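Fold and geometry: a report
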Amino acid sequence: MKKQTGSRPLGWRIHGFLALLVVTYAGSFMGRQIMSVMIEPIKQEFDVSDAAMGLISGLAFAVVYAFLGLPAGRLSDRHIRTRVLAISLGLWAFATLLCGFAISFWMLIFARMLVAAAEAPVTPTSLSLISDLYPPHRRSLAISCFTGAPTLSSIIGLSLGAWVIDTYGWRTGFYAIGTPLILMSLIFGLLIKEPTRGQWDSGGGTEPPRESLIQAALKLLRNKDCFMLIGASAITTFSAFSFAMWNTTFLVRSHELSLQHAGILAGIVTGLAAAIGSLFSGWLTDRLSAHNRAWLVRIPIIGHVVATAAMIAYFLTPAGIAFDLAGVPIPSAMIWCAISGFFTVFWVAPSFNLLSQLVSQWQRATAFALQTVFTTLCGVGLGPLVTGALSDALIPYAGEESLRYALIIVSITVIIPVLMLWSLLRTKPWLHLGRNTATAETASSQAH
């Protein structure tokens, strides 16, 4: 692939490659998000508690995903990434279809664990590819397109998914998600060409360093800036995934909506707001960070503060329908849900962009995998489970409103990542990036 300057068009092939990665990532999160619509039907069929549903929707998936995350990232750093994606997608399709055939609660847990194993390489491999498709000063918007995919998929996974599950049953939801993955596996295996690794980087060598998986992970964790960035991202997802998983159920219980209406609102309102917010934050980050890299940290801090304030207002707003739209009752609280959704994703693109620049091209997939491991354990694993357990524990005090107050308690934990990012703002790790980036872009311009 020919090197290009950031001022020239990158071409439809690069953007088309990004579009395929976006579709793939959207599919991975659709499978997780549709579980939030399935909580009540699965709970009734297998007669289990909220804590048990938190287990199947979170921890059972997260433990396997996290355990295999680092090996998956290391695999992508050492082998052809498009081939890794193709194999992963094929296995993922099989495991998702298996979920639909589950005849017991424990079989469904086992199938979800298989899905996690197959999905593990998707995120680190894709982000590593994006880092080689786009230069640093255009990378935030590209990353926001990729990471914004889950917000768009939530519109389908929660709204259309709610209709499918309400009409045909929760098993059909898994069949609808698993089948297209077979096609995506064939596309990446047969049609997509691997981009040149490290084409926008200066240094790093032409061969991966000879170090074990543990050595590579420890090297990243000993990097204080990487550790703080990864830690802040992980703790952020604790409340974010809890909200994503329980929001539909919250609307059913506290605002007395039907499952279908709650799924439509949770999907469209949160999904559209987050999708727009993700793209806007990526665009804004590229513009501001081109002049001052401090915005790679400032924008996440601003997003956290505004999103959390709006989220607490959303949970505290009493039940009440403001108006009906196309037959769907709209609670007055949804305005706060939309504001929170817009700002809650402000941290994603800047954080991934900064992380991609803090490490070499031979460490990226491992670094992204390490971040994914911690965010999965903390967010997907603990978030829904802790919220479900808190909801159960608060029943004697709050009755049917126990979930409302459990979500408020969990949302306050965002104070921790704000403090961690503030620490990064003081250490200014981006001061060490400017020289390398400038060198890479000058070399690229000369080569062109």
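Each value, and the rule that gives it
- Residues numbered from 1 in each chain as written.
- Predicted model: local features only at pLDDT ≥ 70, side-chain atom pairs only at ≥ 80, totals over all residues.
- Heavy atoms only, no water.
- Helix = DSSP H or I, 4+ residues; strand = E, 2+ residues; numbered from the N terminus.
- Buried < 20%, exposed > 50% of the residue type's maximum accessible area, 1.4 Å probe, protein only.
- Contact = heavy atoms within 4.5 Å.
- Areas by Shrake-Rupley, 256 points an atom, 1.4 Å probe, with all protein chains shown as cover.
- Core = buried A, V, L, I, M, F, W, Y, C linked by side-chain atoms within 4.5 Å.
- Phe/Tyr/Trp six-rings, centres within 6.5 Å; stacked < 30°, edge-to-face > 60°.
- Lys NZ or Arg CZ within 6 Å of the ring centre and 35° of its normal.
- Axes fitted to C-alpha atoms, helices over the stretch in contact; angles between N-to-C directions.
- Left-handed = near helix turned anticlockwise from the far one by under 90°.
- Nonpolar A, V, L, I, M, F, W, Y, C, P; charged D, E, K, R; others polar.
- pLDDT = per-residue confidence, 0-100.

The next point concerns the overall build of the chain. In terms of regular secondary structure, the chain is built from 18 helices and two strands. Residue burial in the chain is summarised as follows: out of 448 residues, 58% are buried. Counting contacts in the chain only where the partners sit at least 6 residues apart, residues at least 24 apart contribute 84% of the total. Summed over all atoms, the accessible surface of the chain reaches about 17,900 Å², with 68% contributed by carbon and sulfur.

Among the nonpolar cores identified, the biggest contains 116 residues, and Leu108, Phe188, Leu251 and Tyr314 are the most heavily contacted of them. Top element by residues in this core is helix H1 (residues 12-46). It accounts for 17 residues. In this view, leucine 108 contacts Ile42, Phe46, Ile56, Cys99, Ala102, Trp170 and Phe174; residues no more than four positions away in its chain are not counted.

If you walk through the whole model with that rule in mind, you get 19 aromatic pairs. Each ring, one from phenylalanine 243 and one from tyrosine 314, has its centre 6.1 Å from the other, and the planes form 80 degrees; the classification is edge-to-face. On the criterion of sequence distance, the pair formed by phenylalanine 243 in helix H10 (residues 224-254) and tyrosine 314 in helix H12 (residues 295-316) is long-range, its members being 71 residues apart. Neither residue differs from the other here; phenylalanine 243 and tyrosine 314 are each classed as buried. Ring pairs connect the aromatic residues Phe46, Phe105, Trp106, Trp170 and Phe174, which therefore count as one cluster. The ring of tryptophan 295 is capped by arginine 298, whose NZ or CZ atom sits 5.0 Å from the centre of that ring.

With that settled, the discussion passes to the packing of helix H11 (residues 259-289) against helix H13 (residues 334-343). Helix-helix packing: each pair is described by the crossing angle between the helix axes and the interaxial distance. Between H11 and H13, the least distance of the axes is 7 Å, while the angle of their chain directions is 35 degrees. Note that H11 runs across H13; the crossing there is right-handed. Contacts from Leu265, Val269, Thr270, Ala273, Ala274, Ile276, Gly277 and Phe280 of H11 reach H13 at Met334, Cys337, Ala338, Gly341 and Phe342. In terms of residue class, the contact of H11 with H13 is built from ten nonpolar, three polar and no charged.

Overall, the predicted model of the chain reaches an average pLDDT of 82, with 89% of residues at or above 70. The low-confidence segment residues 434-448, where pLDDT is below 50, has 20 contacts with residues more than four positions distant or belonging to other chains.

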